[in-house]
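Take a look at the letters that make up each chain.
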Amino acid sequence: IREVRLGLAADVGTLQRFPKLVGFGSRVRELCLTADDFGADDAFKIGFVSRISNNENGDLIDVANDICRRIIRNSPVAVTVTKASLNYSRDHTVAEGLGHVALQNSSSLMSEDLVKSFMMSGGGGGGADVQFAPMPSHSRL
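Residues numbered from 1 in each chain as written. Predicted model: local features only at pLDDT ≥ 70, side-chain atom pairs only at ≥ 80, totals over all residues. Heavy atoms only, no water.

**Considerations on the layout of surface pockets**
Now for step 1: Roughly 180 Å³ of internal volume is contained in the largest pocket.
Now for step 2: Forming the boundary of the largest pocket are I67, I71, V79, T82, K83 and L86.
Now for step 3: It is helix α5 (residues 76-90) that contributes the most residues to the lining of the largest pocket, 4 residues altogether. (1 Å grid on protein atoms, 1.4 Å probe; cavity = no way out; pocket = protein on both sides within 12 Å on 5 of 7 lines; lining within 4 Å. Points joined across faces, edges and corners; volume = space filled by probe spheres on them. Helix = DSSP H or I, 4+ residues; strand = E, 2+ residues; numbered from the N terminus.)

Below, the structure is given as C-alpha cells:
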C-alpha cells in the first residue's frame, strides 16, 4: 500500500477492501499509513493469507491441490452459495446476510445435493463418495 509515499491516499479500493478482509486492527492502519512492506509472516498474522508454504519439493502445489480436493468433495451448489454468502456478508449487516443465505439456500432445496450430502456425511448410513451434478453455466444476460 504505497500511495502515502507518493503523497496520496490509496484510491482504487485498497483502503476500503483490505480492512474488510483482515479487520481494522492497528497493524492494518500501520501498514496503510507507513507504506511499509509486509511479508508472508505478517500476512499470515493479520489473516490476509490462510497459510504459508515454503514451496520445498513442490509443497505449494500439493497444499493448493489438497485444498481443492477438499472443496470439490462438497456439493457444487453449497460451495457456490457459501462463496456468494461470504462475499455478500462482508459488505452487509448480519441480518441482511442471514436473509441472503436463506434465499440462496432455498434454491439449494431444488437440487439433489442436500440428500446426497447427507448420505455422504454418514447421516444416511453410507459415508460413501457420491457424484454431484455439475453446476450449470451462468446465463449471460
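**Structural notes on the packing of aromatic side chains**
Now for step 1: Evaluation of the coordinates by the stated rule reveals 3 aromatic pairs.
Now for step 2: Between F18 and F48, the aromatic rings sit 5.1 Å apart at their centres with planes inclined by 80°, giving edge-to-face as the arrangement. Note that F18 is positioned in helix α1 (residues 14-22) and F48 in the loop between α3 (40-45) and α4 (59-72), a separation of 30 residues in sequence.
Now for step 3: Assessed through its relative accessible area of 6%, F18 is described here as buried.
Now for step 4: Among the residues examined, F48 registers a relative accessible area of 40% and is labelled partly exposed.
Now for step 5: Ring centres of F38 and F48 lie 6.1 Å apart, and the angle between their planes is 70°; on these two criteria the pair is classed as edge-to-face. Residue F38 is found in the loop between α2 (26-34) and α3, and its partner F48 is found in the loop between α3 and α4; the two are separated by 10 residues along the sequence.
Now for step 6: Here F38 falls in the partly exposed class, since its relative accessible area comes to 28%.
Now for step 7: In textbook terms, an aromatic cluster arises when at least three aromatic residues are bridged by ring pairs, as seen for F18, F38 and F48. (Phe/Tyr/Trp six-rings, centres within 6.5 Å; stacked < 30°, edge-to-face > 60°. Buried < 20%, exposed > 50% of the residue type's maximum accessible area, 1.4 Å probe, protein only.)

**Examining helix α6 (residues 94-108)**
Now for step 1: Taking 1.5 Å per residue as the helical rise, α6 with its 15 residues ought to reach 21 Å, and the 21 Å between its terminal C-alpha atoms agrees with that figure.
Now for step 2: Of all the positions in α6, only G97, H100 and S108 are classed as buried. Along the long axis of α6, the arc covered by the buried residues comes to 95°, so they all point the same way. For α6, the exposed residues lying more than 90 degrees away from the buried face are A95, L98 and L103.
Now for step 3: Residues of α6 that are buried sit in contact with α5. (Expected span 1.5 Å × (residues − 1). Arc of directions from axis to C-beta. Contact = heavy atoms within 4.5 Å.)

**Notes on the side chain of S75**
Now for step 1: Here S75 is to be found in the loop between α4 and α5.
Now for step 2: Within the structure, the side chain of S75 is placed 3.1 Å from the backbone nitrogen of A78, a separation counted as a polar contact.
Now for step 3: Residues within four places of S75 in sequence aside, it is in contact with D113, S117 and F132. (Polar contact = N/O pair within 3.5 Å; in protein donor to acceptor, adjacent residues only side chain to side chain.)

**Observations regarding unusual backbone geometry**
Now for step 1: Unlike most non-glycine residues, A35 shows phi in positive territory, near 65°.
Now for step 2: With respect to the element layout, A35 can be found in the loop between α2 and α3.

**Things to note about the packing of α5 against α6**
Now for step 1: Two elements in contact, α5 and α6, have axes whose closest approach is 10 Å; the angle formed by their N-to-C orientations is 165°. Classed by the angle they form, the pair α5 and α6 counts as roughly antiparallel. Crossing geometry of α5 relative to α6 is assigned as right-handed. On α6, the residues that touch V77, V81, A84, S85, Y88 and S89 of α5 are E96, G97, H100, V101, Q104, N105 and S108.
Now for step 2: When the residues that make up the contact of α5 with α6 are grouped by side-chain class, the tally is 5 nonpolar, 7 polar and 1 charged. (Axes fitted to C-alpha atoms, helices over the stretch in contact; angles between N-to-C directions. Parallel < 35°, antiparallel > 145°, perpendicular 65-115°, else oblique. Left-handed = near helix turned anticlockwise from the far one by under 90°. Nonpolar A, V, L, I, M, F, W, Y, C, P; charged D, E, K, R; others polar.)

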